[in-house]
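Residue strings, one per chain:
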Amino acid sequence: MDKYARFRFQPCIPLGKDGRRVTASPEHIALSREASGEGIVLLKNENGALPLRKGEKIALFGKATIAYVKGGGGSGDVHTAFIHNVYDGFSEKEAQGKVSIYMPTVEFYRDYVKEANKKIPTEAEVNAVWDRINPLPFSPEKDRIIYETVASTFMKEADVPEKIVKEAGANAQTAIVTLSRYSAEGVDRRSFGGDYLLSDTEKSLLDNVIRYFDKVIVVVNSGAVIDCEYFAENNKIDALLFGWQGGMEGGSAIADVLCGDVNPSGKLADTIVKSYDAYPSKDDFDECFEYLNYSEDIYVGYRYFETVPGKSGEVRYPFGFGLSYTDFSIGGVMAGESDGKIVVALTVKNTGSVAGKEVVQLYYSAPQGKLGKPSRELAAFKKTKLLNPGESEVIALSFDIGELASFDDLGKIKKSAFVLEKGAYKFYIGNSVRDLTKIDYEYIVEEDRVSLQCSSLCRPFALKKRMLADGSFEDLPTGDPVYMSGKGKHKLSGAKAPETTVMFDDVGEKITLDEFTAQFTVEELMDFVGGRKPTGVANTGCFSGLERLKIPAIPTADGPAGLRLNTETGILTTAWPCSTLLACTWNTDMTYAVGAASASEIRENNIGIWLAPAINIHRNPLCGRNFEYMSEDPVLAGKCAAAEIRGIQSQKVAVSLKHFACNNKEGNRFGCDSRLSERALREIYLKGFEICVKEADPWTLMTSYNLINGQHTSESYELVTCILREEWGFNGMVTTDWGQKNNPVDEVLAGNDMKMDKGYPEDLKAAYDRGKLTRADLEECAKRILIMTLRMAE
């Protein structure tokens, strides 16, 4: 029996019922719509403007009426059979008698989109730009060209004549304005009109709509937050929803929520502030392209705005916030300690008049002590089932007491240790970081105690200062970089190759893994730790195989917004909502379901590894890849991603959790140095990855392009081996990201097993010949790749 036949043969075998394909099946498309509706966040709803009344006459504005943006660009894009825009969604509702659409504005946007599409550069024209600039060294001018090229592929908002708006206002009761944004891998957003801020055209449209309509609803179609002040401050705008980028059914999901077929239950995964200038990272983010100083330290997102004196007033919509069409109460709260965990039980009741879901959020507050702490930190959360009016659900939340500890990187109490400082640890329950009730229970620590002793790893050498809880800064020690090396760390197992060659299918039955690996020649090992060109429908290459020993090459495919395949195959897949929206569901059952459905499409197309999920922190709203990431909070991101990973790997499909770590800026992403303290690294930027490793056991993990404190992540023995493997117990294999050479020898020594999208055996051979690299080093990487492959056996 060939245990790995699915990686060797085409065509693919349908895995659905009655011989149907599961890829882009009606069931998956329905799940995409359900997920999109559950992550939409209702931010404003004055005077019960929503849901719409039955038969309400509506006029649709915004190019997303026809040209809805399903997701971001780059490797995360997905090829689909259709995208349901906002008009499609409401057209379905009109057929059901729920609304009446004023068609002239729809026709206006249909004509506009048709003409505007003619001005969008073709794929060949865009590729010609990339062919010209990709070989060039990075510079601000190159960054400008990349931004303008990406922007040119995104249709600008239409300039709607006032006459059209006036006529619409005379014939419809309600205006629904959808404003869209687009961003892509490889370039960051900008804090000007038409991107983070509203454009003059958009403001003019809103002004006219407000002038001629009694009711105005605004929907934001964006993968990341934008400035909302024009909506929030205007009392003539009755309702505001963040619809994010909802995948191929995003327009339908918007109509579901506005018509009340779906009660909004999304909660913000990021803080929305009144001005971009309020973000503590704004100056560091724009300082230069060579490095990025994380001087705000652990005070990211709500940890900054809820802690630093005078900053709470900068918030427009707080972390965890989201309205519903019904009301809920939380009562019967009980809390205590049990088996090393803090346990909280409570009852949620729907006290309103329609069915809905609520998100229960548990936060803690640690003593300030010597280290300083955020005033609130998310500890656990749970979304209820759909509760009918008057119905209740008992919710239990728990987390390890060790999660209350803070990392002492300077030795104020105990250097390189997670420390529980003495004092009272307080707990709060509610449905946003601002809407909380203190629990009548405190966890008391009588004396400072070490929760976990670690080592000083990935420490900064050029970061001069970091923020404290009161908003002031403390100086940090600097100096010449010194990094640990993996050279000489590995020893051969002593296993001998059998006299007769044994094939990979027999590992574990006729031969041990060590004995099997001993059959490789050194040259084969050097070749094996580098990637291969794609096979079948794969678009991103394969993890290396070896035909002599019948080791299959494992095809990979991009994510996380769906399965991205080679366009020449003509295979269309399901486009899921963007990762930010999935995080806004606060529903780990939903992210598990999306993961499991994605895995079935991956299996059906004979792909072995999905390059997803991605969980870098939303440190700054201008990061161009935020749509691929989940949240400003590592617990929310980590828990949602861990559930998705469990769903994916339940079907013997590997994930590649990415980008490890601190990939928080796209400008000069191959050479930008993320400079941050060990504490910020461990408590914020690695925390989500740690949760995924410990709760979901990802089979592969992808290092990032950037440097951390002067060293490329793929070359960091301290990051890849000491923290990931030795401290966290990671059992999988590590791959580089695609297309950046770095130093392949140092990557092997760091424990980075696979070099993608191709290897450099000549570099490895030269290092081997001069004694820097040994067979034992290469075998260690090869065995981890083989173990990952063994997990996929049928």
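Residues numbered from 1 in each chain as written. Predicted model: local features only at pLDDT ≥ 70, side-chain atom pairs only at ≥ 80, totals over all residues. Heavy atoms only, no water.

Caption draft 1: Highlighting the sheet that holds strand S8 (residues 291-293). Across the sheet, which stays open at both edges, the four strands sit in the order S8-S26-S28-S29 with mixed pairing between neighbours. Two strands in the sheet have a free side with no partner beyond their single neighbour: S8 and strand S29 (711-712). Bridge analysis of S8 against strand S26 (residues 673-675) gives three bridges, and the strand direction is parallel. Among the inter-strand pairings, asparagine 293 is bridged to a residue of S26, identified as arginine 675. (Pairing = 2+ DSSP bridges. Helix = DSSP H or I, 4+ residues; strand = E, 2+ residues; numbered from the N terminus.)

Caption draft 2: Spotlight on the packing of aromatic side chains. Enumeration according to the criterion identifies 29 aromatic pairs in this entry. On the basis of an interplanar angle of 55° and a centroid distance of 6.2 Å, the ring pair of phenylalanine 399 and phenylalanine 427 is categorised as tilted. Taken together, the residues phenylalanine 399 in strand S14 (residues 392-400) and phenylalanine 427 in strand S17 (residues 423-430) connect sequence positions 28 residues apart. An aromatic cluster is built from Tyr4, Phe504, Phe516, Phe520 and Phe528, whose rings are joined through pairwise contacts. Between arginine 619 and the ring centre of tyrosine 294, over which it is positioned, the NZ or CZ distance is 4.2 Å. Over the face of the ring belonging to phenylalanine 285 we find lysine 665, whose NZ or CZ atom lies 5.1 Å from the ring centre. (Phe/Tyr/Trp six-rings, centres within 6.5 Å; stacked < 30°, edge-to-face > 60°. Lys NZ or Arg CZ within 6 Å of the ring centre and 35° of its normal.)

Caption draft 3: View of the environment of proline 534. With respect to the helices, strands and loops of the structure, proline 534 is situated in the loop between helix H13 (522-528) and strand S22 (542-543). Distance from proline 534 to valine 129, taken between C-alpha atoms, is 24 Å for residues 405 residues apart in sequence. When sequence neighbours within four positions are dropped, the list of residues in contact with proline 534 reads Asn539, Thr540, Gly541 and Cys542. (Contact = heavy atoms within 4.5 Å.)

Caption draft 4: Region of interest: the sheet that holds strand S30 (residues 733-735). Taking strand neighbours across the sheet as the criterion, the six strands line up as S22-S23-S24-S25-S27-S30 in an open arrangement whose pairing is mixed. Of all strands in the sheet, those with a lone pairing partner are S22 and S30, marking the two edges. By the bridge criterion, two bridges tie S22 to strand S23 (residues 554-558) in an arrangement that is antiparallel. Directly across from phenylalanine 543, in S23, lies its bridge partner isoleucine 554.

Caption draft 5: Looking closely at unusual backbone geometry. In this model, glycine 559 is joined to proline 560 through a cis peptide bond whose omega is 15°. With respect to the helices and strands, the residue proline 560 is situated in the loop between S23 and helix H14 (579-584). In this model, lysine 658 is joined to histidine 659 through a cis peptide bond whose omega is -10°. Residue placement: histidine 659 occurs in strand S25 (residues 654-660). In the Ramachandran plot, aspartate 339 falls in the positive-phi region, its phi being about 50° despite a non-glycine side chain. Locating aspartate 339 in the fold gives a position in the loop between strand S10 (328-338) and strand S11 (341-350).

Caption draft 6: Up close: the side chain of serine 579. Here serine 579 shows up in helix H14. The class for serine 579 is buried, based on a relative accessible area of 5%. Residues contacting serine 579, with those up to four places away along its chain left out, are Pro560, Phe627, Glu628, Tyr629 and Met630. (Buried < 20%, exposed > 50% of the residue type's maximum accessible area, 1.4 Å probe, protein only.)

Caption draft 7: Region of interest: helix H19 (residues 717-727). With respect to burial, H19 is a largely interior element, nine of its 11 residues being buried. Tyr717, Glu718, Leu719, Val720, Thr721, Cys722, Ile723, Leu724 and Arg725 are the residues of H19 that are buried. At the C-terminal side of H19, glycine 729 shows a positive phi close to 80°.

Caption draft 8: Just the packing of helix H1 (residues 26-39) against helix H15 (residues 588-604), in detail. In contact at an axis separation of 11 Å, H1 and H15 are set at 155° when each is read in the N-to-C sense. The orientation of H1 relative to H15 falls into the category roughly antiparallel. Pair H1 / H15 crosses with left-handed handedness. Here H1 contributes His28, Leu31, Glu34, Ala35 and Glu38 to the contact with H15, which in turn contributes Met590, Ala593, Val594, Ala597, Ser600 and Glu601. Taken together, the residues of the contact of H1 with H15 break down into six nonpolar, two polar and three charged. (Axes fitted to C-alpha atoms, helices over the stretch in contact; angles between N-to-C directions. Parallel < 35°, antiparallel > 145°, perpendicular 65-115°, else oblique. Left-handed = near helix turned anticlockwise from the far one by under 90°. Nonpolar A, V, L, I, M, F, W, Y, C, P; charged D, E, K, R; others polar.)

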